[in-house]
Amino acid sequence: MDTAAPPNFKDHLSQLMFHAVEQIRTDSGIQSGIEIVRTRQTDHGDYSCNLAMQLAKPLRKNPREIAALLIAALPPSPYLEKVEVAGAGFINFFIKTAAKQACLYNILQRSTAYGTSDYGKKREIQVEFVSANPTGPLHVGHGRGAAFGASLANVLSAAGFTVTREYYVNDAGRQMDILAVSTWLRYLELNNIHIPFPDNAYQGDYVKVMARLIYEAHADRYVHHPEKLLQGFPASTYEKAIDTDELLDRLIANARAILDQDYAYIHNFVLTEQLGDCRNDLMEFGVTFDTWFSEQSLFDNGLVAHAVRELEEKKFLYRQDGAVWFRSTEFGDEKDRVVQRENGQYTYFASDIAYHLNKFERGFETIINVWGADHHGYIPRVKAALQALALDADKLNIALVQFAVLYRNGKKASMSTRSGEFVTLRELRQEVGNDAARFFYVMRKSDQHLDFDLDLAKSQSNDNPVFYIQYAHARICSVLEQWGGDTATLTNVDTNLLANASELALLQRLIDFPDIIIAAAEEFSPHLIAFYLRELASEFHSYYNSTHFLVTNIPLMEARLVLITAIRQVLRNGLALLGVSAPEKM
RNA sequence: GUGCCCGUAGCUCAAUUGGAUAGAGCACCAGCCUUCUAAGCUGGGGGUUACAGGUUCGAUCCCUGUCGGGCACGCCA
């Protein structure tokens, strides 16, 4: 067989078509990148091109006629069996079986690198995802963003982009102050000082755990004049204000004043604790980051003030009702937005402008923000700010991820904190396992609501797509183990013997893998990988049931072993993109 | 009320972004294990792509309207 690795057939055909177009019409206006698609039916060949139909109007000619001209002008190719005009003017390409068979060695040789391409030309892409406030454990909603973002980043990287994975840490805002005060109140309780706990402070048990850690390490070291905490709030009014923001803000202000330097200790302690927990949780989930970007650093380095000043100089700010507003309506937003409050505090939006300005200054060619779908209303104002700063807002892509709804026993599992049903990502992972969680989260298009069936995710049955795919991998491992040889020795095998319909279909499926990765990268759609793997596994299981591999005819056996070894490799590589393991035994 | 997203088989979802006869999995019915893992396979029925128009060689996809569902509309993050 031919030892030279065949090219990507899509790219190859696209180039052939480009040359053909140049032959028949030099002023066609077509530069390159002529679209070639896979066909759905085998009698339409392997690949197809609709260019003739698109040229029908400008050339004022019958599309079938144009197709015939294009085919006649096509440069010769060693990989093509035949080319046909079909239907309304489709050009259908049939690839030589030998050329497809030659791809098998390419898969084995490239091993874990098979499927990767240089499509992205090493262009720099940043994917920012999760970015949950470090004020408590990650919940199942964050889980989908984590799984989606991690898989997307893997896919982009495999498609040849240089990817930076980033987590934006909201360590500067009011929410962190609320957590610090909540923890201090719990700590005071451990010191037998009981102040009614506000309804809108952090209620979770993890707050009590942090309080106990401080108590055990420092005893009553941080008990300072708790009576002053109620300043401005006599007991009678306190009870009434138990669920108001005014009370919370007063408690924060008083705690800062009372604790002074020690406030920073508690604030820093709870931040470190929660961020560490979050990082461990994600690491166990197979989700890692290159950069943990601190919101506080934007303030410390003067970047927020800098960004606001830029907007000021460009005349996009004005003062009204004591606050400073950004004229985002000039760029299509529904209303203008406050960047600095009446009390002098910058809004979250202000630091976000600085953050995005900083992202652009770091030189990324594409920036992807993975956000929960509930943030969609926030997009116009961020893009407006970028435009106001004379930046190319189209470089910023927002991937909205819809919520996941958990189902147990066919019924919605409540997600409220009180119910005791699971709310945290960690509990989900413990119940269904990391593999099922990672796979189920990306099994649907990200902008679709996800019904997460807990019972299905746990079930070890053919209904469970994760096990179905992993089972295909384990079956191959089992066959190869019983064969007993080393797959690395399968180098002089006559792959021409792989000629029946299911073998040819599997070959083409394996050849599709790099194109699937590119499509998933282009469309920010890792679910395409999940669907692809389901189909590959399905075709393999069918093949397995119809064909015996370990036959006495040695050349035939070896040819089939080469094929299933290649399938195993693609299953592994695909599962790796999704962060799912490929067990050798099940 | 205004804006964004969505509506595909009984259920959960695909459909190479405007292509050829709209596909899978559950569920239902009928079959396949003394042979490499039955966590598997084979066959069968199931559709006016919410509805009504429009654009063109061609529409699940684009435009308009209606109905239905979700989300967002703060000097919160």
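Residues numbered from 1 in each chain as written. Chains lettered and ligands numbered in written order. Predicted model: local features only at pLDDT ≥ 70, side-chain atom pairs only at ≥ 80, totals over all residues. Heavy atoms only, no water.

As recorded by an unreviewed UniProt entry, chain A carries the name Arginine--tRNA ligase and is attributed to Nitrosomonas marina. Its UniProt record, at the heading Sequence similarities (unreviewed entry), says of chain A: "Belongs to the class-I aminoacyl-tRNA synthetase family." Its UniProt record, at the heading Catalytic activity (unreviewed entry), says of chain A: "tRNA(Arg) + L-arginine + ATP = L-arginyl-tRNA(Arg) + AMP + diphosphate". (UniProt positions renumbered as here; feature names shortened; annotations may be inferred.)

(A) Structural view of the sheet that holds strand β13 (residues 404–408). The mixed open sheet is built from three strands, whose spatial order is β14-β13-β15. For this open sheet the edge positions go to β14 (411–412) and β15 (450–453), each flanked by a neighbour on one side alone. Of the strand pairs in this sheet, β13 and β15 are connected by four bridges, and their pairing is parallel. Within the sheet, the bridge partner assigned to Val405 lies in β15 and is Asp451. Sheet contacts for helix α16 (residues 434–441): β13 and β15; angle to β15, the most-contacted strand, approximately 160°. (Pairing = 2+ DSSP bridges. Helix = DSSP H or I, 4+ residues; strand = E, 2+ residues; numbered from the N terminus. Contact = heavy atoms within 4.5 Å. Axes fitted to C-alpha atoms, helices over the stretch in contact; angles between N-to-C directions.)

(B) Spotlight on the pairing of strand β12 (residues 396–401). Pairing between strand β11 (residues 366–372) and β12: six bridges, direction parallel. Its bridge partner being in β12, Asn369 is matched across the sheet by Ile398. Taken together, β11, helix α14 (residues 379–388) and β12 constitute a β-α-β crossover, and its handedness is right-handed. (Right-handed = clockwise from strand over helix to strand, strands pointing away.)

(C) Fine view of unusual backbone geometry. Look at Ser111: it is not a glycine, yet its phi comes out positive at around 55°. By the element assignment, Ser111 lies in the loop between α4 (97–110) and β5 (124–128). The phi dihedral of Asn192 is positive, around 65°, even though this residue is not glycine. Take Asn192: it is sitting in the loop between α6 (174–190) and α7 (205–218). We classify Asn192 as exposed; its relative accessible area is 65%. (Buried < 20%, exposed > 50% of the residue type's maximum accessible area, 1.4 Å probe, protein only.)

(D) Expanded view of the nonpolar core. Counting residues in hydrophobic clusters, the biggest one holds 93 residues, and the most contacted among them are Leu428, Tyr441, Phe452, Ile564 and Ile567. The greatest single-element share of this core, amounting to 13 residues, is contributed by helix α21 (residues 554–578). Discounting residues that sit within four places of it in the chain, Tyr441 has contacts with Val140, Gly143, Arg144, Ala147, Phe285, Ala404, Leu425, Leu428, Leu450 and Phe452. (Core = buried A, V, L, I, M, F, W, Y, C linked by side-chain atoms within 4.5 Å.)

(E) Representation of the side chain of Asn254 in the model. Tracing the backbone shows Asn254 in helix α9 (residues 245–259). Judged by relative accessible area, which is 11%, Asn254 ranks as buried. Residue contacts for Asn254: discarding those within four places in its chain leaves Lys228, Leu229, Leu230 and Gln231.

(F) Region of the structure containing the domain arrangement of chain A. Domain annotation for chain A reports domain 1 (9–95), domain 2 (174–276), domain 3 (301–355) and domain 4 (462–577). The gap between the C-alpha centroids of domain 2 and domain 3 is 31 Å. (Domains from an automatic or database assignment.)

(G) Molecular detail of the packing of helix α19 (residues 501–522) against α21. Their axes nearest at 11 Å, the elements α19 and α21 cross at an angle of 30°. Considered as vectors, α19 and α21 are oriented roughly parallel to each other. As for how α19 packs across α21, the hand of that crossing is left-handed. In this structure, α19 uses Glu503, Leu506, Leu510, Phe513 and Ile517 to contact α21, whose residues at the interface are Arg560, Leu563, Ala566, Ile567, Val570, Asn573, Gly574 and Leu577. Broken down by class, the residue content of the contact of α19 with α21 amounts to nine nonpolar, two polar and two charged. (Parallel < 35°, antiparallel > 145°, perpendicular 65-115°, else oblique. Left-handed = near helix turned anticlockwise from the far one by under 90°. Nonpolar A, V, L, I, M, F, W, Y, C, P; charged D, E, K, R; others polar.)

(H) Inspection of the confidence of the model for chain A at higher detail. Within chain A, residue pLDDT values average 91, and 96% of them lie at 70 or more. Least confident of the elements in chain A is helix α8 (residues 235–240), whose mean pLDDT is 70; most confident is strand β6 (residues 162–169), at 98. This stretch, residues 416–421, has a pLDDT under 50; its non-local contacts, to residues over four places away or in other chains, come to five contacts. For this predicted complex, the interface confidence score (ipTM) comes to 0.95, while the overall pTM stands at 0.95. (pLDDT = per-residue confidence, 0-100.)

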